[in-house]
Amino acid sequence: MRKRFLILLIIAIFTFGLIVGCNNNGTSLPEQAEKILRIAQGSEPPALDPAKANDNISLQIGQALFEGLYRYHNGEYIEGMAKGEPEISEDGLMWIFHLKDSKWSDGKPVTAHDFEYGWKRLVDPETGSDSAYKMTEYVAGAMEFYQGEGSRDDVGVKAINDKTLEVRLVSNTPYFKEIISFGVFLPVREDIIEKYGDSFATKPENMVYNGPWVLTKWEHDVELEFEPNENYWNRAAVKLDRVVSPIISDYTTQVNMFETGDLHMTPLMGEFAVQYDKEGKAKFIEDGLSISVLLNKEGFPPFQNENIRKAFNLAVDRESFINNIYGLPAIPATNLINQAIRGVERPFREEFPGDYFSVFDPEKAKELLEKGLEELGLDKLPKLELMFLDGGASPIFAEFLQENYRKNLGAEVILTPISFEKRMEISMTKEFSALINPTGPDFDDPISVLEIWVKDHPYNEVNYNNLAFDKLISQAKTTQDIKKRMELMADAEKLLVEDMYIIPIMHNVMGYAISEGVSNLYLTPWCPDIDWMFGDLEITNN
């Protein structure tokens, strides 16, 4: 989340969203006897192992195959395997969850022991999970176990019996329910892990499922297929007969397949967004995705200078990109927390506007650059490598940045497209100079955007180090007064933006089109973006 895990939109078209209802203006469905939803993935899912899923596509599929205690659906957090609300101690440190009666796809009961095993496996250092921090930050004993200084038995997750799970927290965390709705806090069967080892979750037959769907086909880099899980506790809510998910990285191909009826939904941007909007077939919704540029002072020493970092920020004409190239009504960003995230009573951005700098000021950028070069004893900037995900709108945006930096700063920028796999590698190695970073929150709280920038966080990709910022985040995590929490996070965001290792570019608005007859298909501001678990569609008869 990025946070969290670093959420990356794999096809890099900068689009998530909110809710898709029935739309009567789109392309009609092909005639079929079954209710078969066809929805593309932009890439092969890197990992379907719940402990190792750390990207938008893997998490999207994971929420279909598995179910945790709660899930985010249609704008709210709803019951999953949990039966009702948790029991919480007066000090907020002990949470007790009661489980519904349910079964795995092979008929065995889902128990609290499966949750205990799955959660502890997430923070087991031998698992090597990139998402372990989601638990180590909050659950007692988890950090010590993960760092090799404590035992598995000391982790604060315990099955009291088959239907009762007890969780001890490090500190009172009122938003813990939202945290555990994220798709790594899932039950896992110990006997299945022992049986398949490293091959667990690498093919359909090496998995068992407790979610609404089972994976029936996985032709790597080509297509996935899903069928309803007949043992799912809420089987009546699953309306579709099958879901077919081809892997299509090219955005134009997705649009063309939507036009021919081979896909039921397509994202929209640029000329397609304009065209569909004119035809009355496009919808635009605010979403949780934001675009930024990360500046790495280790990879590009001039970024050690604050004036040079701020020059690169003011040299970008955000409004020109949005209005003349992108084609969607996105919001030029002068902050890092976007418009979809809640505050005290209203969206965070309404309560804390966060207009921290001018959207575009090329003259000031030149002035700051000259001052920074003088402070460093340089006559000009060395060549800068800018990395970006290859595909979708990313190359267009990279070229736009390259021209802005050439025109407004006289900088020579070398563009380097990278694969999704390379991007995930960079999130760990931090070997880059500048990087286009599409990312969004894991859950509906500003902390999901901010917490990754504390010192030594595994996803602090720019190695940001500000003790004042770290203190504010620590206070925000433990303060019970929600108004005070939000004020602390607004102060922390201000520090982070002023230091300018992360250049905010824009907060996204999603454009999409959907076929006639499709209903109950939701898109969310958080990762994963698409929720098709309980979708439905009308069957067209001859």
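What comes next concerns the included structure.

Rules and cut-offs
Residues numbered from 1 in each chain as written. Predicted model: local features only at pLDDT ≥ 70, side-chain atom pairs only at ≥ 80, totals over all residues. Heavy atoms only, no water. Pairing = 2+ DSSP bridges. Helix = DSSP H or I, 4+ residues; strand = E, 2+ residues; numbered from the N terminus. Axes fitted to C-alpha atoms, helices over the stretch in contact; angles between N-to-C directions. Contact = heavy atoms within 4.5 Å. Expected span 1.5 Å × (residues − 1). Buried < 20%, exposed > 50% of the residue type's maximum accessible area, 1.4 Å probe, protein only. Polar contact = N/O pair within 3.5 Å; in protein donor to acceptor, adjacent residues only side chain to side chain. Arc of directions from axis to C-beta. 1 Å grid on protein atoms, 1.4 Å probe; cavity = no way out; pocket = protein on both sides within 12 Å on 5 of 7 lines; lining within 4 Å. Points joined across faces, edges and corners; volume = space filled by probe spheres on them. Nonpolar A, V, L, I, M, F, W, Y, C, P; charged D, E, K, R; others polar.

In this section: the sheet that holds strand β9 (residues 213–219). Read from one edge to the other, the open sheet built from four strands follows the order β2-β11-β10-β9, with strand pairing classed as mixed. This sheet does not close on itself; its edge strands, each paired only once, are β2 (36–38) and β9. Averaged over all pairs of adjacent strands, the angle between strand axes in this sheet comes to 20°, irrespective of strand direction. Both β9 and strand β10 (residues 223–228) contribute to a ladder of six bridges, which runs antiparallel. Looking at the pairing, V214 lines up with E227 of β10. Relative to the sheet, helix α1 (residues 56–65) contacts β9 and β10, its axis offset from that of β9 by approximately 135°.

Residue pairs three or four apart in sequence face the same way in an α-helix, which turns once every 3.6 residues. When the terminal C-alpha atoms of helix α2 (residues 112–123) are compared, their 17 Å separation across 12 residues agrees well with the 16 Å that a helix rising 1.5 Å per residue should span. Within α2, 11 of the 12 residues are buried, which leaves it mostly tucked inside the rest of the structure. Burial in α2 covers these residues: A112, D114, F115, E116, Y117, G118, W119, K120, R121, L122 and V123. Where the residues of α2 are buried, they touch α3 (133–136), α4 (142–146), β7 (157–161), β8 (164–168), α5 (176–179) and α6 (190–196). The backbone nitrogen of H113 has a side-chain oxygen 3.2 Å away, supplied by the residue at the start of α2, namely T111.

Helix length check: helix α13 (residues 394–409), at 16 residues, gives a terminal C-alpha distance of 21 Å against a target of 22 Å (1.5 Å per residue), a fit within 8%. Among all positions of α13, only S394, F397, A398, F400, L401, N404, Y405, N408 and L409 are buried. Seen end-on, α13 carries its buried residues on one side only, within an arc spanning 160°. Two residues or fewer past α13, G410 is found with a positive phi of approximately 70°.

Taken as a whole, the largest pocket holds about 390 Å³ of empty space. Taken together, 20 residues line the largest pocket, and the ones lying closest to its centre are D49, K52, R121, G197 and D198. Of all the secondary-structure elements, those providing two or more residues to the lining of the largest pocket are α2 and α6. A per-class count over the lining of the largest pocket returns nine nonpolar, three polar and eight charged.

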